[in-house]
Amino acid sequence: MKKLLIFFLLIPTLALSGIFKDEEGKFGLKTKKSGFEFHKNFMDHKDHNFQYIKDEIKARAGIYFQRFELRDGDCFRDDFWSDCDTDRERVEFSTEPRQAPKGKQCYGYSLMLSKNFFDVAPAKTTLGQVHQIGGPTGTASGGLASFPPLIQIDAHKGYLFFNWHELSGSATDVIDKSIFTTLKPLRKMKEVWTDISFCLDFKNKRIDAWVDGIKKVEILKSPIFFKPEEIYFKHGIYRNLISKYKELKNRKMRTQVVFYDEIRRGHSIEEVDININPKLKPVD
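This structure is a prediction, so every number in the text was calculated from the model and none was measured.

K.L.:
Outline the side chain of Asn 163, listing residues and values.
P.N.:
Within the secondary structure, Asn 163 sits in strand β12 (residues 159-170). Of the residues examined, Asn 163 reaches a relative accessible area of 2% and is grouped as buried. At 2.9 Å, the side chain of Asn 163 forms a polar contact with the side chain of Asp 154. There is a polar contact of 3.5 Å between the side chain of Asn 163 and the side chain of His 165. Ignoring sequence-local partners within four residues, the contact set of Asn 163 consists of Leu 150, Ile 151, Gln 152, Asp 154, Ser 178, Ile 179 and Phe 180.

Below you can see the structure in the form of structure tokens.
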């Protein structure tokens, strides 16, 4: 009887928080007023990897925020890709609907690092990215297949970076050159919310990014050189080249804990950045 009561109490709690599982058992999260219908993990995760926490005091806005935790060995696979076989670890959510690479596509989110967040350089940690469907392909270092994203927000060597992938070459043998812009020291992001927003302007061929409402990036070039079918936002913790860290430090990968809130998309900076538009309503 107690088990039954717990089960019935759990159903409305999950429904109110927006957590769901689809028909394939994939874990997801629905939000409101965000420009997205849902965020979904297309791979898998363990119980410690993700929590949707109700805490109005700690949340950036509203009453809920997201907690991601990545430990040594947290690698997963799906029908098309294996992080375990490609020197990667991640727990990451993809968003829908996806966007067409035209006009102006803007994204914004709030990010907070845990008090004991470790930088795992020379491995690379990505905390948010814009990826592409039907984009160019190539070969990465070590002979691994490469499906490059457009944008990565990287925590690396003590700083958070805006990483624009300037792609050239051919559609099947792409040359991937990262253009890094420093956004903020990681030490100033621990236990404090940092607001990140950026716009990819395909029409006017420019890229702009803000941190806490202050312009940090202005690139007067087209975001793309190969037109993908669609683009989409991903968030969580993703790290690659983990073998380099293990070899250099002679130890397992460090546990990393990161918090997210207020993940949005729109067609202008005013639709995604609460610093520029304080009238934005919380997404939960």
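K.L.:
Can you explain the sheet that holds strand β16 (residues 214-219)? Please cite residues and give values.
P.N.:
Pairing in this open sheet of 7 strands is antiparallel, and the strands run β4-β5-β18-β7-β14-β15-β16 from one edge to the other. Of all the strands in the sheet, the pair left with one neighbour each is β4 (50-54) and β16. Strand-to-strand twist of the sheet, defined as the mean angle between neighbouring strand axes without regard to direction, takes the value 25 degrees. In the sheet, strand β14 (residues 194-201) pairs with strand β15 (residues 206-211) via 6 bridges, with the strands oriented antiparallel. Looking at β15, one finds that Leu 200 is bridged to Ile 207.

K.L.:
Account for the state of the cysteines, with residues named and values stated.
P.N.:
Counted under the stated rule, the structure contains 2 disulfides. A disulfide bridge connects Cys 106 with Cys 199, and the sulfur atoms are separated by 2.1 Å. Between Cys 106 and Cys 199 the sulfur-sulfur dihedral comes to about 110 degrees; the bridge is accordingly right-handed. One end of the pair, Cys 106, is in strand β7 (residues 104-113); the other, Cys 199, is in strand β14, with 93 residues separating them in the sequence. The pair formed by Cys 106 and Cys 199 is uniform in burial state, with each residue classed as buried. Bonded cysteines in the chain are paired 1-2, 3-4 when counted in the order they occur along the chain.

K.L.:
Just give me the short version of the environment of Arg 265, but keep the residues and values in it.
P.N.:
When you line up the elements, Arg 265 lands in strand β18 (residues 256-266). Its relative accessible area of 16% is what places Arg 265 among the buried residues. Residues Arg 265 and Lys 21, spaced 244 residues apart in sequence, show a C-alpha to C-alpha distance of 23 Å. Apart from residues no more than four positions distant in its own chain, Arg 265 is found in contact with Ser 34, Gly 35, Phe 36, Pro 97, Gln 99, Gln 105, Cys 106, Tyr 107 and Val 272.

K.L.:
Any details on the sheet that holds strand β11 (residues 151-156)? Residues and values, ideally.
P.N.:
Sheet strands pair via backbone hydrogen bonds, and the direction of the pair is either parallel or antiparallel. Strand order in the open sheet formed by 9 strands is β1-β2-β3-β6-β17-β8-β11-β12-β13, and the pairing between neighbours is antiparallel. Each edge of the open sheet is held by one strand with a lone partner, namely β1 (19-21) and β13 (173-185). The sheet shows a mean angle of 25 degrees between the axes of neighbouring strands, taken without regard to direction. Across 3 bridges, β1 lies against strand β2 (residues 27-30) in antiparallel orientation. Within β2, the residue paired with Lys 21 across the bridge is Phe 27.

K.L.:
I'd love a proper account of the side chain of Arg 264, names of residues and values included.
P.N.:
Checked against the element boundaries, Arg 264 lands in strand β18. A polar atom in the side chain of Arg 264 sits 2.5 Å from the side chain of Glu 262. Once residues lying within four places of it in the same chain are set aside, the contact partners of Arg 264 are Lys 33, Ser 34, Phe 36, Cys 106, Tyr 107, Gly 108, Glu 271, Val 272, Leu 280, Lys 281, Pro 282 and Val 283.

K.L.:
Please provide a residue-by-residue account of unusual backbone geometry, values included.
P.N.:
Cis rather than trans, the peptide bond between Glu 96 and Pro 97 has omega equal to 5 degrees. Tracing the chain through its elements places Pro 97 in the loop between β6 (88-96) and β7. A cis amide bond links Ala 121 to the next residue, Pro 122, at an omega of 15 degrees. Note on placement: Pro 122 falls in the loop between β7 and β8 (124-133). Positive phi outside glycine occurs at Lys 157, with the angle close to 55 degrees. Note that Lys 157 resides in the loop between β11 and β12.

K.L.:
Explain the confidence of the model for the chain to me, using residue names and the numbers behind them.
P.N.:
In this model, the chain carries a mean pLDDT of 92, and residues with pLDDT of at least 70 account for 93%. Across residues 1-16, where pLDDT falls below 50, the model places 2 contacts with residues more than four positions away in sequence or in other chains.

K.L.:
I'd like a rundown of the layout of surface pockets, residues and numbers included.
P.N.:
It is the rolling of a water-molecule-sized probe over the atoms that shows where space remains empty. Estimated volume of the second largest pocket: approximately 310 Å³. Lining the second largest pocket are 17 residues, with Lys 21, Gly 25, Phe 27, His 45 and Asp 47 sitting closest to its centre. Of all the elements in the fold, those that place two or more residues in the lining of the second largest pocket are β1 and β4. Residue classes in the lining of the second largest pocket are distributed as 7 nonpolar, 4 polar and 6 charged.

Parameters at a glance
Numbering of residues starts from 1 in each chain and follows the order in which that chain's sequence is written. Reporting in this predicted model follows two pLDDT cut-offs: at least 70 for local features of residues, and 80 or more for side-chain atom pairs to be given and counted; totals over whole chains, interfaces and linings ignore these cut-offs and use all residues. Note: side-chain values were computed over all heavy atoms of the structure, leaving out hydrogens and water. Secondary structure counts use DSSP, requiring at least four H or I residues in a row for a helix and at least two E residues in a row for a strand, with both numbered from the N terminus. The buried label applies to any residue whose accessible area, calculated with a 1.4 Å probe on protein chains only, is under 20% of its type's maximum; exposed applies above 50%, and partly exposed to all values in between. Polar contacts, as used here, are pairs of N or O atoms within 3.5 Å; protein pairs need one atom able to donate a hydrogen and one able to accept it. Residues neighboring in sequence count only if both atoms are side-chain atoms. Residue contacts follow a heavy-atom distance rule, with two residues in contact if any of their heavy atoms lie within 4.5 Å. Paired strands are those between which DSSP finds at least two bridges. Structural elements are reduced to axes, namely lines fitted to C-alpha atoms, with helices fitted over the stretch in contact, and the angle between N-to-C directions of any two is expressed from 0 to 180 degrees. Two cysteine sulfurs form what is called a disulfide whenever their separation falls within 2.5 Å. A score from 0 to 100, pLDDT tells how confident the predictor is in each residue. Lining residues are those with an atom within 4 Å of a point, where the points come from a 1 Å grid over the protein atoms alone and group into cavities, where a 1.4 Å probe fits but cannot get out, or pockets, open sets with protein on both sides within 12 Å along at least five of seven lines. Grid points are joined across faces, edges and corners, and a volume is the space filled by probe spheres set on the points. As a working rule, the residues Ala, Val, Leu, Ile, Met, Phe, Trp, Tyr, Cys and Pro are called nonpolar, Asp, Glu, Lys and Arg charged, and the rest polar, with Gly in that last group.

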